Amino acid sequence: MTTYVITVPGTFLRDVDDAARSELARRLASHHTDLSETEDVELLTLHEGGTFSVRLEVEASDRATAEDNAVRLLAGALQELGFSEKDAPLGPPAVTGVDGEF
């Protein structure tokens, strides 16, 4: 298995308060560990206009599976916080770090 850091962009189309942002980060914290810290990337970055980026570590056998898993984790966490796909659409994921044997 390979550990991937996957960046998933998105946009909050409704207001998101500090408590919701903190809770999202808390729910995803277990997917932001050593590799992310080594690469010096933040778990959640908020941008102007409601856009955001989330960086998650996932283990997978290949890039496509890693990207799918990261999107599924993020979408699930957003849904648990009351954000539907229409409230916080996600963009295409990208591999931003890799740690494993090839």
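Above this text sits the structure in question.
Residues numbered from 1 in each chain as written. Predicted model: local features only at pLDDT ≥ 70, side-chain atom pairs only at ≥ 80, totals over all residues. Heavy atoms only, no water.

A. Molecular detail of the overall build of the chain. Helix and strand counts for the chain come out as 3 helices and 4 strands. Along the chain, helices (α) and strands (β) appear in the sequence β-α-α-β-β-α-β when read from the amino end. Residues counted as buried form 34% of the 102 residues belonging to the chain. Within the chain, counting contacts between residues at least 6 apart in sequence, those at least 24 apart form 74% of the total. Accessible surface, the chain as shown: approximately 6,000 Å² in total, 47% of it carbon and sulfur. (Helix = DSSP H or I, 4+ residues; strand = E, 2+ residues; numbered from the N terminus. Buried < 20%, exposed > 50% of the residue type's maximum accessible area, 1.4 Å probe, protein only. Contact = heavy atoms within 4.5 Å. Areas by Shrake-Rupley, 256 points an atom, 1.4 Å probe, with all protein chains shown as cover.)

B. Molecular detail of the packing of helix α1 (residues 18-28) against helix α3 (residues 63-80). For the pair α1 and α3, the least separation of the axes is 10 Å and the interaxial angle reads 135 degrees. Put simply, α1 runs oblique to α3. In terms of crossing hand, the pair formed by α1 and α3 is right-handed. Along its contact with α1, which presents Leu24, Arg27 and Leu28, the element α3 presents Leu73, Leu74, Ala77, Leu78 and Glu80. Residue composition of the contact of α1 with α3, by class: 6 nonpolar, no polar and 2 charged. (Axes fitted to C-alpha atoms, helices over the stretch in contact; angles between N-to-C directions. Parallel < 35°, antiparallel > 145°, perpendicular 65-115°, else oblique. Left-handed = near helix turned anticlockwise from the far one by under 90°. Nonpolar A, V, L, I, M, F, W, Y, C, P; charged D, E, K, R; others polar.)

C. Representation of the side chain of Asn69 within the structure. Topologically, Asn69 is positioned in helix α3. Polar side-chain contacts of Asn69 include one of 2.3 Å to the side chain of Arg72. Among all residues touching Asn69, those that are not within four sequence positions of it are Val58, Glu59 and Ala60. (Polar contact = N/O pair within 3.5 Å; in protein donor to acceptor, adjacent residues only side chain to side chain.)

D. Highlighting the pairing of strand β3 (residues 51-60). By the criterion of burial, β3 is predominantly enclosed, with 8 of the 10 residues buried. Two elements, strand β1 (residues 2-11) and β3, share 10 bridges in a ladder whose sense is antiparallel. By the bridge assignment for β3, Thr7 is matched with Arg55. In this structure, strand β2 (residues 44-46) lies alongside β3, joined through 3 bridges in antiparallel fashion. Residue pairing across strands places Leu44 opposite Val54, the latter belonging to β3. Connecting β2 to the antiparallel partner β3 that follows it, the hairpin turn spans 4 residues, and Gly49 within it adopts a positive phi of roughly 75 degrees. (Pairing = 2+ DSSP bridges.)

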